[in-house]
Structure formats: C-alpha cells, structure tokens
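Inside the fold
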Amino acid sequence: MTFPIMLWVPWIAWVIGYTVMAEAANALQRGIMLLTPLVVGAAFSTLRTTPELLDRIDRWITWFLWVFLAAAGIATGYCPRARCTTPPTLRRVASPHRFSRAGLPRDMC
C-alpha cells in the first residue's frame, strides 16, 4: 500500500499558490507548516510495525508523559509530597513571571 499522494495534490497546489501570492511576511513558514503533516504521514506510512516496535513506542510515550507532568509540576510550583508549593529559589527559576511590571524582582515568598 502506498501513500495516496494524488488525493493531496489539490491541497498542495492550494498551499503553494497561497505561499507564492500571499503578502504576509511569514507565508513561507505557514506553507511549510501546512505541508509538514503530509510529509510525516508519507514517511510514517512506509513504517512496518512489529509487536516489539509497538512496545518500544508505548514505553517512550509513557516516559514522555511522566517527564512532561514533572516539568509542568515544577513550572507551576506544585509539590504533591510536601503538599506545598516549591521553594522560593526554585520558583524564581521556573516562573515565567519573575519580575513585576516595574522591572523589580517580585517577592517570591
């Protein structure tokens, strides 16, 4: 079974036409972003899966989930074992809002 590229030719033509005729400064970026899923789909459609590969993918997704949740917990200051927020020092590093509007460091306590 092959990737049905002819099904996507009208969409590809539309995106290329938009990219060429658009006046937006980021038209090329938009065009690439719209066509990237097709390239990934075409590449992924050639993959032959085995039970070992599916187990490996499952392990990676599970690992990524826990890393993502831990990073989100650190970034938001959530600490489930201590039932408190993270210490002020770590919060200073993890917080995207480190400074007040006046540009002065905020009180982190």
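Computed from a predicted structure; not experimentally measured. (Residues numbered from 1 in each chain as written. Predicted model: local features only at pLDDT ≥ 70, side-chain atom pairs only at ≥ 80, totals over all residues. Heavy atoms only, no water.)

What follows is about the overall build of the chain. The helix and strand tally for the chain stands at four helices and two strands. Listing every helix and strand of the chain by position from the N terminus yields α-α-α-β-β-α. Within the chain, residue pairs in contact and separated by at least 24 positions form 19% of the contacts whose partners lie at least 6 positions apart. Accessible surface computed for the chain: about 9600 Å², of which carbon and sulfur atoms make up 70%. (Helix = DSSP H or I, 4+ residues; strand = E, 2+ residues; numbered from the N terminus. Contact = heavy atoms within 4.5 Å. Areas by Shrake-Rupley, 256 points an atom, 1.4 Å probe, with all protein chains shown as cover.)

On to the packing of aromatic side chains, then. The description of an aromatic ring pair uses the distance of the two centres, along with the angle that the planes make with each other. Summed over the entire model, instances satisfying the criterion amount to two aromatic pairs. Taking 5.5 Å as the distance between ring centres and 75° as the angle between the ring planes, the aromatic pair formed by W60 and W63 counts as edge-to-face. With a gap of three residues between them, W60 and W63 both fall in helix α3 (residues 51-76), about one helical turn apart. W63 matches W60 in its accessibility class, with the two residues each being exposed. (Phe/Tyr/Trp six-rings, centres within 6.5 Å; stacked < 30°, edge-to-face > 60°. Buried < 20%, exposed > 50% of the residue type's maximum accessible area, 1.4 Å probe, protein only.)

Turning our eyes to something else, we now look at helix α1 (residues 5-21). With 17 residues, α1 should reach 24 Å at 1.5 Å per residue; the first-to-last C-alpha distance of 24 Å fits that figure. Along its length, α1 reaches its greatest deviation from straightness, about 30°, at W11. (Expected span 1.5 Å × (residues − 1). Bend = angle between axes of the 7 residues up to and from the residue.)

On the surface, I5, M6, L7, W8, V9, W11, W14 and L34 cluster together to form a nonpolar patch covering roughly 870 Å² of accessible area. Broken down by element, the nonpolar patch gets its largest block of residues, seven residues, from α1. Counting through the fold element by element, I5 comes out in helix α1. For I5, a relative accessible area of 44% gives the class partly exposed. (Patch = residues over 30% accessible without salt bridge, like charges linked within 9 Å, V, L, I, M, F, W, Y side chains within 5 Å. Salt bridge = Lys/Arg side-chain N within 4 Å of Asp/Glu carboxyl O.)

Another aspect to go through is the confidence of the model for the chain. Looking at the chain, pLDDT values average 78 and 70% of them are 70 or higher. The least confident element of the chain, judged by mean pLDDT, is helix α4 (residues 88-94) at 52; the most confident is α1 at 92. (pLDDT = per-residue confidence, 0-100.)

Let us now look at the packing of α1 against helix α2 (residues 27-45). α2 packs onto α1 with a crossing angle of 165° between their chain directions and a minimal axis gap of 9 Å. Overall, the two elements α1 and α2 adopt an arrangement that is roughly antiparallel. Our pair here, α1 against α2, has a crossing hand that is left-handed. Touching W8, W11, I12, V15, Y18 and T19 of α1 are A27, L28, R30, G31, L34, L35 and L38, all from α2. Of the residues contributing to the contact of α1 with α2, the split by class is 10 nonpolar, two polar and one charged. (Axes fitted to C-alpha atoms, helices over the stretch in contact; angles between N-to-C directions. Parallel < 35°, antiparallel > 145°, perpendicular 65-115°, else oblique. Left-handed = near helix turned anticlockwise from the far one by under 90°. Nonpolar A, V, L, I, M, F, W, Y, C, P; charged D, E, K, R; others polar.)

For the rest of this paragraph, the subject is the environment of W14. One can find W14 in helix α1. C-alpha separation for the pair W14 and G31, spaced 17 residues apart in sequence, amounts to 9.6 Å.

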